[in-house]
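Spelled out from the first residue to the last, the chains are:
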Amino acid sequence: MKRIELSDSTKAELQEYLDKYTSYDSFTSSRNSYKYAEILNKLITYCAYCNINEIKAKYRDNGSVVNRMEFDHFLPKNGTRERDLNCNNLIPSCHNCNHTKGNNTSSIINPLEEDFDSVAQFRLDTNPQSIDDFRNAKIILEPITNDPVIFQKVENYIDLSAILFSPFLFFYFSSYSY
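A. Summary view of the nonpolar core. Among the nonpolar cores identified, the biggest contains 39 residues, and Phe-27, Tyr-36, Leu-40 and Phe-71 are the most heavily contacted of them. Not counting chain neighbours up to four residues away, the residues in contact with Phe-71 comprise Tyr-24, Phe-27, Ser-33, Tyr-36, Ala-37, Leu-40, Leu-90, Ile-91, Ser-93 and Asn-98.

B. Quick look at the packing of helix H1 (residues 8-18) against helix H3 (residues 32-41). The interhelical angle for the contact between H1 and H3, taken along N-to-C directions, is 180°, at an axis separation of 10 Å. The angle between H1 and H3 falls in the class roughly antiparallel. Seen from H1, the contacting residues are Glu-13, Leu-14, Tyr-17 and Leu-18; seen from H3, they are Asn-32, Lys-35, Tyr-36, Ile-39 and Leu-40.

C. Molecular detail of the pairing of strand E4 (residues 90-93). Because side chains alternate across E4, one face comprises the buried residues Leu-90 and Pro-92, and the other comprises Ile-91 and Ser-93, equally buried. In this structure, strand E3 (residues 70-73) lies alongside E4, joined through four bridges in antiparallel fashion. Following the sheet pairing, Phe-71 is matched in E4 by Pro-92.

D. Summary view of the packing of aromatic side chains. Applying the stated rule across the entire model yields six aromatic pairs. Look at Phe-27 and Phe-71: their rings are 5.8 Å apart centre to centre, the planes differ by 45°, and that puts the pair in the tilted class. A residue pair is termed long-range when its members are at least 10 positions apart, and Phe-27 in helix H2 (residues 24-28) and Phe-71 in strand E3 qualify at 44 residues. Judged by relative accessible area, Phe-27 falls into the buried class, the value being 0%. Residue classification places Phe-71 among the buried positions, given a relative accessible area of 4%. Taken together, the ring pairs connect Tyr-17, Tyr-21, Tyr-24, Phe-27, Tyr-36 and Phe-71 into an aromatic cluster.

E. Expanded view of the pattern of salt bridges. Counted by the stated rule, this structure contains one salt bridge. A salt bridge links Arg-81 to Asp-19; the shortest N-O distance between them is 3.1 Å. Residue Arg-81 is located in helix H4 (residues 81-84), and its partner Asp-19 is located in the loop between H1 and H2; the two are separated by 62 residues in the primary sequence. On the basis of relative accessible area, Arg-81 is assigned to the partly exposed category, the value being 32%. You can call Asp-19 partly exposed: its relative accessible area is 45%.

F. Main features of H1. Buried within H1 we find Thr-10, Leu-14, Gln-15, Tyr-17 and Leu-18. Projection of H1 onto a plane perpendicular to its axis shows the buried side chains occupying an angular sector of 155°, all on one side. Turned more than 90 degrees from where H1 packs its buried face, Asp-8, Ser-9 and Glu-16 sit exposed. Contacts made by the buried residues of H1 are with H2, H3, H4 and E4.

G. Spotlight on the confidence of the model for the protein chain. When pLDDT is averaged along the protein chain, the result is 77, and 78% of the positions lie at 70 or above. By mean pLDDT, helix H7 (residues 169-173) is the weakest element of the protein chain at 44, and H1 is the strongest at 92. Low pLDDT, under 50, characterises residues 163-178; the stretch is placed with 30 contacts to residues that sit more than four places away or in other chains.

H. Region of the structure containing the side chain of Asn-98. With respect to the element layout, Asn-98 can be found in helix H5 (residues 95-101). Using a relative accessible area of 16% as the deciding quantity, one classes Asn-98 as buried. For Asn-98, the side chain forms a polar contact with the side chain of Glu-70, separated by 2.7 Å. Those residues in contact with Asn-98 that lie beyond four places of it in its chain are Glu-70, Phe-71, Asp-72 and Ser-93.

Cut-offs and rules
- Residues numbered from 1 in each chain as written.
- Predicted model: local features only at pLDDT ≥ 70, side-chain atom pairs only at ≥ 80, totals over all residues.
- Heavy atoms only, no water.
- Core = buried A, V, L, I, M, F, W, Y, C linked by side-chain atoms within 4.5 Å.
- Buried < 20%, exposed > 50% of the residue type's maximum accessible area, 1.4 Å probe, protein only.
- Contact = heavy atoms within 4.5 Å.
- Axes fitted to C-alpha atoms, helices over the stretch in contact; angles between N-to-C directions.
- Helix = DSSP H or I, 4+ residues; strand = E, 2+ residues; numbered from the N terminus.
- Parallel < 35°, antiparallel > 145°, perpendicular 65-115°, else oblique.
- Pairing = 2+ DSSP bridges.
- Phe/Tyr/Trp six-rings, centres within 6.5 Å; stacked < 30°, edge-to-face > 60°.
- Salt bridge = Lys/Arg side-chain N within 4 Å of Asp/Glu carboxyl O.
- Arc of directions from axis to C-beta.
- pLDDT = per-residue confidence, 0-100.
- Polar contact = N/O pair within 3.5 Å; in protein donor to acceptor, adjacent residues only side chain to side chain.

Right, dumping it as structure tokens:
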């Protein structure tokens, strides 16, 4: 998971859009949140948590939505604008990740603040007698950082998302060097 780098001007544009609404419900009702998603889709097209599921908005010919990003509150909603309608707390995510994380926040990486790739890397350990036999292969998570707290967040994130059991495993890990 790469850290989502939003420029100050993009954050200001996003927050200005959110400031038009009095509650998260009014923001998500109808198509109010679509404009916000369109701003983010200029920068982000895959889920910030899993980096597998596409979150770019797709529409049918009649204008109805086929797919679009969801917004996960990294810190759970609490009825205040500071949490519910804050661009620094709304993580662009796919449906699966948005509903898997729940209120688990302190023990996983925040994609707006931390970068998975600077903390850990995956290594594929294969059996040297049978390089083509991946049934014996193991995926090993190795720390890059000396900070055990942040590395634990990575491990918790992987456990939470069950990324190691994803059918898209090969494609996900193909972006990493081994």
